[in-house]
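So you can see what is in the structure, the chains are spelled out below.
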Amino acid sequence: MESASMKKPVLLIIFTCSITLAPDQDKCTTSHKRVARGLSVEKYELPDGQRMTLRLSPGVFAPQAGTPAEAYGSELTKVALSKIRPSDKEIVVMGAGGGYSAIGMAKVLGVKVTGTDILPEAVADAQFNAKNNGVGDLTSFKVSDLFQNLPGRFDLLVFNAPRPVTRELLLRTNSPRETEEIMQRLKDSPDGNRFDMEGKLLKRFLEEAPSHMGPDSRILIMSDANIDVLMPEGLTSRRITE
């Protein structure tokens with residue numbers, strides 16, 4: 001049966017991060033900031049040289065300064081900025097976390113950006129950070145499970161997608177026993193919202209996105225290099241980098 005995501009052509013511009021999960025280490029988690037207790041502050045330099053400071057509550061994610069994750073986040077912001085057109089009215093950052101991409105785009109180009117996240121504490125941090133970085137009037141943030149609270153259409157959507165983890169992919173580099181250990185460890189992890197087990201969230205995103213798109217809408221996804229194995233037939237993707 002044809003999925004909803006195949007009824008309309010979708011251009012997906014995928015910015016990928018090549019990461020392999022090993023039984024004893026999640027290399028992706030080590031590059032992100034998750035604070036077990038208390039607030040944390042991260043300071044960044046944006047593509048145009050401006051400075052940005054983010055406050056992060058426990059459990060709220062943003063790229064950790066000085067790590068590969070910050071380099072990926074910075075490159076994603078650059079690519080997103082290059083895709084903005086003068087006619088764009090609705091720019092959305094989904095999975096906004098503490099506001100890194102949304103605030104960065106607003107600061108560099110002075111464009112209005114809507115950010116969403118499923119975590120209320122992330123939205124609260126992003127709102128605080130936007131005001132603290134001088135772009136409170138250009139940004140808005142709301143709690144939303146994918147498109148739940150985004151009823152309209154978008155021109156450009158930047159999706160900070162949780163990393164898809166599937167048994168099929170893990171078995172390429174791990175034994176069956178190691179694969180089950182990794183799956184269980186990630187399922188039980190306090191960082192579990194950073195992983196998309198069996199790609200279920202991505203599949204739902206691809207099914208819901210077309211009804212929110214116009215003829216010139218673009219989607220920019222930051223995700224794992226193996227994301228293509230989860231793509232339905234009929235979707236067009238273009239890889240930015242490995």
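Before we go on, may I ask you to explain the packing of helix H1 (residues 68-83) against helix H2 (residues 100-109) in this structure?
Packed helices, taken two at a time, are described by the angle their axes make and the gap between the axes. Contact pair H1 / H2: the axes reach a minimum separation of 10 Å and the direction vectors enclose 50°. Here H1 lies oblique to H2, going by the angle between them. Crossing geometry of H1 relative to H2 is assigned as right-handed. Residues Glu70, Gly73, Ser74, Leu76, Thr77, Ala80 and Leu81 of H1 lie in contact with H2, whose contacting residues are Tyr100, Ser101, Gly104, Met105, Val108 and Leu109.

Help me understand the pairing of strand E6 (residues 139-143), please; the structure alone is not making it clear to me.
One face of the sheet, then the other: side chains in a regular strand alternate in exactly this way. Inspection of the sheet shows strand E5 (residues 113-117) paired to E6 by 5 bridges, in the parallel sense. What sits directly across from Thr116, in E6, is Lys142. Of the crossover connections in this fold, the one passing from E5 over helix H3 (residues 120-132) to the parallel E6 is right-handed.

I tried to follow the packing of aromatic side chains on my own but got confused; where do I start?
For any pair of aromatic rings, geometry is given as the distance between the ring centres together with the angle between the planes. This model, assessed by the stated rule, comprises 4 aromatic pairs. Ring centres of Phe147 and Phe205 lie 5.6 Å apart, and the angle between their planes is 25°; this geometry places the pair in the stacked category. On the criterion of sequence distance, the pair formed by Phe147 in the loop between E6 and strand E7 (154-160) and Phe205 in helix H6 (residues 200-208) is long-range, its members being 58 residues apart. Using a relative accessible area of 6% as the deciding quantity, one classes Phe147 as buried. A network of ring pairs unites the aromatic residues Phe147, Phe154, Phe159 and Phe205 as a single cluster. The aromatic ring of Phe128 is capped on one face by Arg55, whose charged end is 4.0 Å from the ring centroid.

Just to check I follow, could you spell out the side chain of Ser217 for this structure?
Tracing the backbone shows Ser217 in strand E10 (residues 213-224). A relative accessible area of 8% places Ser217 in the buried class. At a separation of 2.6 Å, a polar atom in the side chain of Ser217 contacts the main-chain carbonyl oxygen of Phe154. Of note is the side chain of Ser217, whose polar atom sits 2.7 Å from the backbone nitrogen of Gly214. Apart from the residues lying within four places of it in its own chain, the contact partners of Ser217 are Phe154 and Asp155.

Explanation requested: the pattern of salt bridges in the structure shown.
Where charged atoms from two side chains of opposite charge approach closely, those side chains can pair. Under the defined criterion, the tally for this structure stands at 9 salt bridges. Measuring nitrogen to oxygen at the nearest pair gives 2.9 Å for the salt bridge that ties Arg204 to Asp145. Of this pair, Arg204 sits in helix H6 while Asp145 sits in the loop between E6 and E7, and the two are 59 residues apart along the sequence. When its relative accessible area of 29% is taken as the criterion, Arg204 is described as partly exposed. Taking the relative accessible area as the measure of exposure, Asp145 reaches 28% and is therefore partly exposed. Residues Glu181 and Arg177 are paired through a salt bridge, measuring 2.6 Å at the closest nitrogen-oxygen approach. In this pair, Glu181 and Arg177 both sit in helix H5 (residues 176-188), 4 residues apart, roughly one turn of the helix. Judged by relative accessible area, Glu181 falls into the partly exposed class, the value being 39%.

I'm lost on the environment of Leu156 in this one. Help?
Assignment of secondary structure puts Leu156 in strand E7. For Leu156, a relative accessible area of 0% puts it in the buried group. Along the chain, Leu156 and Ile91 lie 65 residues apart, while their C-alpha atoms are 4.9 Å from each other.

In this structure, what is going on with the pairing of E5? I would like to understand it.
Most of E5 sits inside the fold, with 5 of its 5 residues counted as buried. Of the two faces of E5, the one carrying Val113, Gly115 and Asp117 and the one carrying Thr114 and Thr116 are both buried. Pairing analysis gives 3 bridges linking strand E4 (residues 91-94) to E5, with the strands arranged parallel. Bridge pairing links Met94 to Thr116 in E5. Once you follow E4 into H2 and on to E5, the crossover reads as right-handed.

Each value, and the rule that gives it
Residues numbered from 1 in each chain as written. Predicted model: local features only at pLDDT ≥ 70, side-chain atom pairs only at ≥ 80, totals over all residues. Heavy atoms only, no water. Axes fitted to C-alpha atoms, helices over the stretch in contact; angles between N-to-C directions. Helix = DSSP H or I, 4+ residues; strand = E, 2+ residues; numbered from the N terminus. Parallel < 35°, antiparallel > 145°, perpendicular 65-115°, else oblique. Left-handed = near helix turned anticlockwise from the far one by under 90°. Contact = heavy atoms within 4.5 Å. Pairing = 2+ DSSP bridges. Right-handed = clockwise from strand over helix to strand, strands pointing away. Phe/Tyr/Trp six-rings, centres within 6.5 Å; stacked < 30°, edge-to-face > 60°. Buried < 20%, exposed > 50% of the residue type's maximum accessible area, 1.4 Å probe, protein only. Lys NZ or Arg CZ within 6 Å of the ring centre and 35° of its normal. Polar contact = N/O pair within 3.5 Å; in protein donor to acceptor, adjacent residues only side chain to side chain. Salt bridge = Lys/Arg side-chain N within 4 Å of Asp/Glu carboxyl O.

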